[in-house]
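# Chains, contacts and geometry: an overview
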Amino acid sequence: MIKSMTAFAKVSHTLDAMTVDMTVRAYNSRSLDFSIYLPETCQPFEEEVKKIMGQFHTRGRIEIRVNLEDQSLDQDLFAVDIIKAKAYYNALKTVQDTLSLSGEIALETILGAKQVIVAAKPEVNLEFIRSALCDTARTAAEALDRMRKSEGENLYQDLARRISGIEQRMQGVEEQARTIPEVYKARLKERLTVLTSEDGDCFDPVRLAQETALLADRSDVSEEIVRVHSHIKMFREVMDENESQGRKLNFLIQEFNREFNTIGSKAGNATLSHAVVDLKSELEKIREQVQNIE
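Model, not experiment: these values are computed from the prediction.

A few words on helix α7 (residues 222-239). With 18 residues, α7 extends 26 Å between its outermost C-alpha atoms, agreeing within 8% with the 26 Å of an ideal straight helix rising 1.5 Å per residue. Among the residues of α7, Glu224, Ile225, Val228, His231, Ile232, Phe235, Val238 and Met239 are the ones counted as buried. One side of α7 carries all its buried residues, which in axial view fall inside an arc of 145 degrees. Every exposed residue of α7 that faces more than 90 degrees away from the buried side is listed here: Glu223, Val226 and Lys233. Looking at the buried positions of α7, the neighbouring elements they touch are α4 (126-177), α8 (246-266) and α9 (270-290).

Structural data, given as C-alpha cells:
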C-alpha cells in the first residue's frame, strides 16, 4: 500500500460547551516532524497530540493548528468583592456623618468604586480540555490517513504505469545490446583495414577475433540488464507491501540509475545511448513521485 506524504484534513469536535477545531496539513519530509500551534490552555498536551499522530503516520512534516472555543467562558460572569464594597460604604458613611450630610448613599456610588464588581475567572478543567483535544487529534489523524491513502492510490497507478514503461523500453535496450559485438567488430575491422593498407600488410583474422571478443566482453551489459529486471520485480513487490515504503522505493531508484549509467557508458551505438537517455528521463519522473511517498 502506498501513502502520499502530502494531504490535508480539517475536523471539528464538540464536547458539551467546548468545541475544538483542528486543521492538519502534511508535507514531504525525510522523517516525521511537527509544527504545532495550540491555544495556551492546550499546550500542556502537545506531546500527546504528537503521539496520537505518530500512531498513523511515520514520515512527513505535519502542521497542526487548533482553535478552542468554550461557550461557557463567553457568559457574563462577575464576582462581587463584598469586603471591599462594605469598606467603601462605611467610608462614605463616615464622610456623610462627619460632614452632617443628609440623603441615602446610592447604589451607583458604591458600584462606582474600582474592583468592587469584577469579571469572574472561571476555573479551567484541564482534564476536560485534554479529552476533547485528544479525541479531535485522533479523528484528524484518521482523516489525514484516509486522504494519504487516497492520494497514494493515484501515485500507485502512475508508478505502475511508468515502471511498465521502463520494462518495455528495456526490450529495446536488450535488442541493441545484442548488436554491440558486431558494432565493435566492424569498427575494429575498418580500423585495421586502414592501418594495413597504409603498411601494405594484411590483418590477422585470428587477432581480429580475439580483439573483438575482448571488446565485446568489456561492453557486455547482460548483467546490468538482468539486475534492472530484478529491480523492476522488487519495485512492484515493495509497492504492494502492507506498509508504505517510500525509503525502499527511493533506494531502488538509485539502483536503477546506477545500472542505466553503466549501460550508457558501455553503449556501442547512438541508438542504445538514446534509449538509455529515455530510460533515465522516465526514471527521473518516477523519482519525483517517490519523493511524495511516506
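Once that is clear, we can look at the layout of surface pockets. Taken as a whole, the largest pocket encloses approximately 250 Å³ of empty space. Together, 13 residues line the largest pocket, and Arg30, Arg59, Arg247, Asn250 and Gln291 are the ones closest to its centre. If one sorts the elements of the lining of the largest pocket by residue count, α8 sits on top with five residues. Looking at side-chain class alone, the lining of the largest pocket contains four nonpolar, six polar and three charged residues.

What counts and what doesn't
- Residues numbered from 1 in each chain as written.
- Predicted model: local features only at pLDDT ≥ 70, side-chain atom pairs only at ≥ 80, totals over all residues.
- Heavy atoms only, no water.
- Helix = DSSP H or I, 4+ residues; strand = E, 2+ residues; numbered from the N terminus.
- Expected span 1.5 Å × (residues − 1).
- Buried < 20%, exposed > 50% of the residue type's maximum accessible area, 1.4 Å probe, protein only.
- Arc of directions from axis to C-beta.
- Contact = heavy atoms within 4.5 Å.
- 1 Å grid on protein atoms, 1.4 Å probe; cavity = no way out; pocket = protein on both sides within 12 Å on 5 of 7 lines; lining within 4 Å.
- Points joined across faces, edges and corners; volume = space filled by probe spheres on them.
- Nonpolar A, V, L, I, M, F, W, Y, C, P; charged D, E, K, R; others polar.

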